[in-house]
Structure formats: structure tokens, C-alpha cells
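Below are the chains, spelled out letter by letter.
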Amino acid sequence: QQQVKQSPQSLIVQKGGISIINCAYENTAFDYFPWYQQFPGKGPALLIAIRPDVSEKKEGRFTISFNKSAKQFSLHIMDSQPGDSATYFCAAAISGNTPLVFGKGTRLSVIA
Amino acid sequence: DVKVTQSSRYLVKRTGEKVFLECVQDMDHENMFWYRQDPGLGLRLIYFSYDVKMKEKGDIPEGYSVSREKKERFSLILESASTNQTSMYLCASKGMPGTGRGNTIYFGEGSWLTVV
């Protein structure tokens with residue numbers, strides 16, 4: 001049973017464009033939703049995270065939009081750059097000692 | 001900065017061998033995790049530990065075991081390696097909830113294991 005569904009599997013965006021990656025979750029007890037960024041040969045690193053008490057969180061060019069009623073959240077990368085080319089994972093967890101549940105990842109390529 | 005170190009980056013082992021993957025973290029984190037990463041399947045949790053000598057099964061524990069004798073060290077053991085265990089293995093750690101970035105998981109750089 002896949003608890004966090006992520007789409008698309010891969011994404012190609014022109015430099016300067018907006019990259020959008022979507023995730024949907026099933027467990028309404030989830031209350032922590034991070035996005036991780038992974039470059040080739042490296043482990044994933046936290047990019048940005050949100051809690052369900054807000055609908056949007058922005059850090060620089062990266063924004064999480066959260067829709068609690070639809071049980072969906074998305075990552076928007078504004079002014080996408082070639083350096084943003086990486087694999088992005090959404091995740092969800094119940095705060096506490098429970099592990100993160102990850103989506104299957106989106107491979108983003110930003111082309112000049 | 002938090003550092004999660006996986007001692008072996010690339011390993012080639014034979015079918016049936018016993019394999020040890022070692023992981024050390026330097027942030028005094030209580031929680032440690034082992035994930036497996038495969039193309040198209042994302043990150044799947046094998047085992048995790050929330051304290052010394054404690055362990056919990058994740059989503060895909062079959063064929064694996066773990067050991068946590070010291071707080072900073074979490075080992076993944078493949079008792080008898082098989083070709084379907086060829087993968088990248090990621091170790092991670094996390095602090096206690098409610099403490100600073102207590103929800104943030106920090107990953108190591110991964111161990112690429114090939115079983116032939």
C-alpha cells in the first residue's frame with residue numbers, strides 16, 4: 001500500500017520556467033510534509049517542509065502548497081535553473097518517532 | 001553540521017556472503033534508519049531504531065537484520081546476500097521530536113552494493 005503518491009516520475013523544464021511536482025497522501029494523521037532533494041551520488045537532503053496548519057510555505061525559489069481537504073501537497077520551483085536538476089522526493093510522517101514515508105521520486109531536468 | 005557517515009561507498013559481494021553495512025552519526029541522535037533506494041521505487045524503509053539495542057521492522061525487513069550496540073552506530077546486516085539485494089542503501093538519523101529540527105532526517109551518502 002503506497003501511502004504517498006508522487007507525480008510525475010520525470011520532468012523536463014526550460015531554464016527560467018516553473019517546475020511543479022505533486023504528491024497525494026492517504027493517512028490523515030500525517031502532520032509533517034517535507035521535500036528532499038537528491039543529487040547524483042549523494043544522499044537526499046531536506047529542502048523545505050510544511051505542517052498542515054498553513055497552506056503555503058516559501059523559501060527562496062521553492063514553495064510548498066498544501067491542500068488539507070484534498071490531501072495533496074506540491075513543490076513549486078520558480079525560475080528553475082540547471083543546478084536544480086536532481087531527484088525530488090516528497091514525504092510524510094506523523095510527528096514523533098515514526099519514520100518518514102517517501103514518494104517514489106521525481107527526476108527533474110532543467111535544460112538551458 | 002550533522003554528519004552521517006557510511007563507511008563503504010561501493011561493495012561487490014558474492015551470493016550467499018554475509019554483508020555488513022556500517023553507519024555512524026555524530027549528532028547524538030536517538031533515531032537511526034536504513035533505507036533502500038531503487039529506480040522507480042523510491043526510498044523504502046528496511047529497519048529503524050529509536051534507541052540503543054532497540055530495533056523496529058520497516059516495510060521490507062526480509063533478508064536483513066540490524067544491530068545498534070552504541071548510540072552513534074547502526075549496522076545493517078545481510079545474512080546471506082542475494083542478487084535481488086543489489087541496490088543503494090541509505091543510512092539516516094534524526095533527533096528527538098520537539099528538539100530544534102527534531103523532525104529532520106539527515107542522510108548519509110549511500111552505499112552501493114552489487115551482489116553477483
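Reading the values: rules and limits
- Residues numbered from 1 in each chain as written.
- Chains lettered and ligands numbered in written order.
- Predicted model: local features only at pLDDT ≥ 70, side-chain atom pairs only at ≥ 80, totals over all residues.
- Heavy atoms only, no water.
- Helix = DSSP H or I, 4+ residues; strand = E, 2+ residues; numbered from the N terminus.
- Rg over C-alpha atoms; globule rule 2.2 N^0.38 Å.
- Buried < 20%, exposed > 50% of the residue type's maximum accessible area, 1.4 Å probe, protein only.
- Contact = heavy atoms within 4.5 Å.
- Areas by Shrake-Rupley, 256 points an atom, 1.4 Å probe, with all protein chains shown as cover.
- Lys, Arg positive; Asp, Glu negative; His and termini not counted.
- Charge placed at Lys NZ, Arg CZ, Asp CG, Glu CD.
- Disulfide = S-S within 2.5 Å.
- 1 Å grid on protein atoms, 1.4 Å probe; cavity = no way out; pocket = protein on both sides within 12 Å on 5 of 7 lines; lining within 4 Å.
- Points joined across faces, edges and corners; volume = space filled by probe spheres on them.
- Nonpolar A, V, L, I, M, F, W, Y, C, P; charged D, E, K, R; others polar.
- Phe/Tyr/Trp six-rings, centres within 6.5 Å; stacked < 30°, edge-to-face > 60°.
- Patch = residues over 30% accessible without salt bridge, like charges linked within 9 Å, V, L, I, M, F, W, Y side chains within 5 Å.
- Salt bridge = Lys/Arg side-chain N within 4 Å of Asp/Glu carboxyl O.
- Buried area = accessible area lost by both parts, 1.4 Å probe.
- Polar contact = N/O pair within 3.5 Å; in protein donor to acceptor, adjacent residues only side chain to side chain.

Novice: Looking at this structure, I do not really get the overall build of chain B. What am I missing?
Specialist: The secondary structure content of chain B amounts to zero helices and twelve strands. Reading the secondary structure of chain B in the N-to-C direction produces β-β-β-β-β-β-β-β-β-β-β-β. Taken against the 2.2 N^0.38 rule, which gives 13 Å for 116 residues, the C-alpha radius of gyration of chain B at 14 Å falls within 12% of a compact globule. Seen through its principal axes, chain B has C-alpha atoms that stretch 45 × 30 × 25 Å. Across the 116 residues that make up chain B, the buried fraction comes to 48%. Relative to all contacts within chain B whose residues are 6 or more apart in sequence, the contacts with residues 24 or more apart total 56%. Of the roughly 5,600 Å² of accessible surface on chain B, a fraction of 50% belongs to carbon and sulfur atoms. Between the averaged position of the 16 positive side-chain charges in chain B and that of its 15 negative side-chain charges there is a distance of 3 Å.

Novice: Would you mind going over the state of the cysteines with me for this structure?
Specialist: Residues and elements named next belong to chain A. Inspection of every chain in the model, using the stated rule, returns two disulfides over all chains. Covalently, Cys23 is tied to Cys90 through a disulfide, its sulfur atoms 1.8 Å apart. The S-S bond linking Cys23 to Cys90 shows a torsion near -90°; that makes this disulfide left-handed. Highlighted residues: Cys23 in strand β3 (residues 19–25) and Cys90 in strand β9 (residues 86–92), separated in sequence by 67 residues.

Novice: Looking at this structure, I do not really get the layout of surface pockets. What am I missing?
Specialist: In this structure, the largest pocket occupies an estimated 570 Å³ of space. Together, 24 residues line the largest pocket, and Gln38, Thr87 and Arg107 of chain A together with Gln37 and Pro39 of chain B are the ones closest to its centre. Mapped by element, the contributors of at least two residues to the lining of the largest pocket are β9 and β11 (106–111) of chain A together with β5 (31–38) and β10 (87–94) of chain B. The biggest single contributor to the lining of the largest pocket is β11 of chain A, with four residues. Residue classes in the lining of the largest pocket are distributed as eight nonpolar, twelve polar and four charged.

Novice: Explain the packing of aromatic side chains to me, please; I cannot follow it from the model alone.
Specialist: Any aromatic ring pair is given by two values, namely how distant the centres are and how the planes are angled relative to each other. Residues and elements named next belong to chain A. The tally for this structure, following the rule as stated, stands at 17 aromatic pairs over all chains. Ring geometry for Phe66 and Phe73: centres 6.5 Å apart, planes at 40°, overall tilted. By relative accessible area, Phe66 is classed as buried at 8%.

Novice: Looking at this structure, I do not really get a nonpolar patch on the surface. What am I missing?
Specialist: Residue and element names in this part refer to chain A. A surface patch of nonpolar side chains, about 240 Å² in accessible area, is lined by Ile18, Ile20 and Met78. If you trace the backbone, Met78 turns up in the loop between β8 (72–77) and β9. Look at Met78 and you get partly exposed, because its relative accessible area is 34%.

Novice: So what exactly am I meant to see when it comes to unusual backbone geometry here?
Specialist: Phi is mostly negative for residues that are not glycine, and the peptide bonds are mostly trans. All names here are of chain A. A cis amide bond links Ser7 with the next residue in sequence, Pro8, at an omega value of -5°. Position of Pro8 relative to the elements: it lies in the loop between β1 (4–7) and β2 (10–14). In this model, Lys71 sits at a positive phi of 55°, which is unusual for a non-glycine residue. Here Lys71 shows up in the loop between β7 (62–67) and β8. A relative accessible area of 29% means that Lys71 is categorised as partly exposed.

Novice: Any chance you could explain the interface of chain A and chain B here in plain terms?
Specialist: One frequently used descriptor of interface size is the decrease in accessible area upon assembly of the parts. On the side of chain B, 24 residues touch chain A, which itself brings 20 residues to the contact. Taking both sides of the interface into account, the surface hidden between chain A and chain B amounts to around 1,800 Å²; carbon and sulfur atoms contribute 54%. For the interface between chain A and chain B, the tally reads one salt bridge. At the boundary of chain A with chain B, the tally comes to five residue pairs in polar contact (both at pLDDT 80 or more). For the side of chain A that touches chain B, a count of residues per class yields eight nonpolar, nine polar and three charged.

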